[in-house]
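Single-letter residue listing:
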Amino acid sequence: MTPLLKVENISKFYGHRIGCKDVNFDLYPGEVMGIVGESGSGKSTLLNCLAGHLDPDTGEVLFEMRDGAMRDTVTMSEPERRMLSRTDWAFVHQHARDGLRMNVSAGGNVGERLMAVGARHYGNIREEAVDWLGRVEISETRVDDRPTQFSGGMQQRLQIARNLVTGPRLVFMDEPTGGLDVSVQARLLDLLRGLVREMGLSAIIVTHDLAVVRLLADRLMVMKDSHVVETGLTDQVLDDPQHAYTQLLVSSVLQV
Amino acid sequence: MIEIKNLSKTFTLHNQGGVVIPVMDAAELSVARGECVALTGASGAGKSTLMRMIYGNYLAAAGSIVVDGVDVVTAEPREILALRREVLGYVSQFLRVVPRVPTLDVVAEPLLAVGVETEVARDRARDLLARLNIPERLWSLSPTSFSGGEQQRVNIARGFAHTYPAMLLDEPTASLDAANRETVLSLIEEAKARGAAIVGIFHDEAARERVCDREIDVAVFTPGVAA
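Residues numbered from 1 in each chain as written. Chains lettered and ligands numbered in written order. Predicted model: local features only at pLDDT ≥ 70, side-chain atom pairs only at ≥ 80, totals over all residues. Heavy atoms only, no water.

Draft legend 1. Expanded view of the sheet that holds strand E2 (residues 19–31) of chain B. Residues and elements named next belong to chain B. Overall, antiparallel pairing links the 4 strands, which are arranged E2-E1-E4-E5 in an open sheet. Each edge of the open sheet is held by one strand with a lone partner, namely E2 and strand E5 (70–71). As defined by bridge partners, strand E1 (residues 2–13) adjoins E2 across 9 bridges and the pair is classed as antiparallel. Residue pairing in the sheet places Ile2 in a bridge with Val31 of E2. Strands E1, E2 and strand E4 (62–67) of the sheet are contacted by helix H1 (residues 47–55), whose axis makes an angle of about 110° with E1. (Pairing = 2+ DSSP bridges. Helix = DSSP H or I, 4+ residues; strand = E, 2+ residues; numbered from the N terminus. Contact = heavy atoms within 4.5 Å. Axes fitted to C-alpha atoms, helices over the stretch in contact; angles between N-to-C directions.)

Draft legend 2. Examining the side chain of A:Glu230 more closely. Mapped onto the secondary structure, A:Glu230 falls in strand E10 (residues 227–233). Although A:Glu230 is buried, it makes no salt bridge; B:Lys9 carries the closest opposite charge, 9.4 Å away. A polar contact is formed between the side chain of A:Glu230 and the backbone nitrogen of A:Gln242, at a distance of 3.0 Å. When neighbours within four sequence positions are excluded, A:Glu230 is seen to be in contact with A:Leu220, A:Met221, A:Val222, A:Gln236, A:Val237, A:Asp240, A:Pro241, A:Gln242, A:His243 and A:Thr246. (Buried < 20%, exposed > 50% of the residue type's maximum accessible area, 1.4 Å probe, protein only. Lys, Arg positive; Asp, Glu negative; His and termini not counted. Salt bridge = Lys/Arg side-chain N within 4 Å of Asp/Glu carboxyl O. Polar contact = N/O pair within 3.5 Å; in protein donor to acceptor, adjacent residues only side chain to side chain.)

Draft legend 3. Seen up close, the side chain of A:Thr246. Residues and elements named next belong to chain A. As for its placement among the helices and strands, Thr246 is situated in helix H10 (residues 244–251). With relative accessibility at 1%, the residue Thr246 sits in the buried group. Among the polar contacts listed, one links the side chain of Thr246 to the side chain of Glu230, at a separation of 2.8 Å. Apart from residues no more than four positions distant in its own chain, Thr246 is found in contact with Val222, Val229, Glu230, Val237 and Pro241.

Draft legend 4. View of the pattern of salt bridges. Residues and elements named next belong to chain A. Inspection of the entire model under this criterion finds 32 salt bridges over all chains. Between Arg81 and Glu78 there is a salt bridge, and its shortest N-O distance comes to 2.8 Å. Here Glu78 and Arg81 lie together in helix H2 (residues 78–86), a separation of 3 residues that amounts to about one turn. Residue Arg81 is classed as buried on the basis of its relative accessible area of 12%. One salt-bridge network, held together by shared partners, links Glu64, Arg66, Asp88 and Arg169.

Draft legend 5. Representation of the pairing of E10(A) within the structure. All names here are of chain A. Of the strand pairs in this sheet, strand E9 (residues 219–224) and E10 are connected by 6 bridges, and their pairing is antiparallel. If you follow Val222 over to E10, its bridge partner there is Glu230. Where E9 hands over to E10, the hairpin turn is made up of 2 residues, of which Asp225 adopts a positive phi near 45°.

Draft legend 6. Region of the structure containing the interface of chain A and chain B. Listed per partner, the contact involves 23 residues of chain A and 23 residues of chain B. Overall, the association of chain A and chain B removes approximately 2000 Å² of surface from exposure, summing both partners, and the carbon and sulfur fraction of that is 52%. It is A:Asp190, A:Leu233 and A:Asp240 in chain A that bury the most area against chain B; as a group they hold 26% of the surface buried on that side. At the junction of chain A and chain B, the tally comes to 3 salt bridges. Here B:Arg84 makes a salt bridge to A:Asp235, at a shortest N to O gap of 2.9 Å. At the level of elements, helix H7 (182–199), helix H8 (210–216), E10, helix H9 (234–239) and H10 of chain A are the ones that each hand at least two residues to the side of chain A that touches chain B. Grouping the constituent residues of the side of chain A that touches chain B by class yields 6 nonpolar, 5 polar and 12 charged. (Buried area = accessible area lost by both parts, 1.4 Å probe. Nonpolar A, V, L, I, M, F, W, Y, C, P; charged D, E, K, R; others polar.)

Next up, the structure:
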């Protein structure tokens, strides 16, 4: 099996300060990788470099295109990268309002991504939008409502539907359950896990919630002060952490 | 099926003065198909540690653990996950599940993960839950709200759903009543009969006598302790 994504020596500097430095990893099809670390450790900077939202200062992000060729998404042209982010890639923001169009109906939010890849038949688009709202447990009766009329958890589920409707192969998630109350979190995690399994998605999830990665991620990358300090199988890193920072992180979680 | 050579393990506690605790040295173990080996030794001797290392949950300091041709010590995460999916089952003492998922699906999941059809997987799950005396009215509920004993039996049903060629059992009969204990012992005997290599921890001596072919005292692998 060949990797879907090959990340080589990615670094990002903000003037003298370091965002993230010398990050390397391979992600295989169907794999879910979690990136954990405290605020300011560079995990969001890294995610944004990978997803093409930030220009890394060094390194390559090689993605396996549908024809099987590995292309560096850092040096590819802007239109090509935009095409990728509309089709094979998806990005789930922490704040749903960053990933949604708040003045467009729920159905429109989902349909827009379909239209961006060439769907034109209104009836089909609406049907598909309703189908996806159902999959993320939003009732058909809410299809014409705007996201502003939705609760935080519903907005997040709508954002996920909008992102997954085009059948992406790689999903980037930035704190997908952050700011939601725990019962809503559980529902969202269950939903995400099901979708990842069903669609065979690969995903990179940035979070500081260790319970979230235990449930969702196959493997883990721990960041501290802009560097990757530990990687490995998720349960191994959490149950037998090797690095001093990971040990501190794991032992700091409050038991419920 | 399971070949352990010269295995050692240390824990380094960076946040407690950098204490290094050697817990295992030069461990050797070989388990053939159809064989059940019991790990024995006092509490803290390293039975669970050894078991967790075989499962890839704890990292070894040195040595090798080859399960069905894969060296768990050096394998990539995705290779270990594939091994756990297809070859190596683990019945731990605690059930860890995603909230909201019904019991029937929790038990059927390992089968779905290896590509068994949904209805076939569910039939097998129903069969196991019935054998382990989980009332049918509970099957559609999440096991998170079950009693401790019920959770343990759901965990066992899940662990035996797929016919793994190698299995790790951590106290599978602890705190079970006589009828359920009997079911678990026959599940283990059935697994052995179909050729599974089993490593188990049993505090229940009668159970150990009945299903295990030999015992390994892990205390002999403890550094600084004379065998």
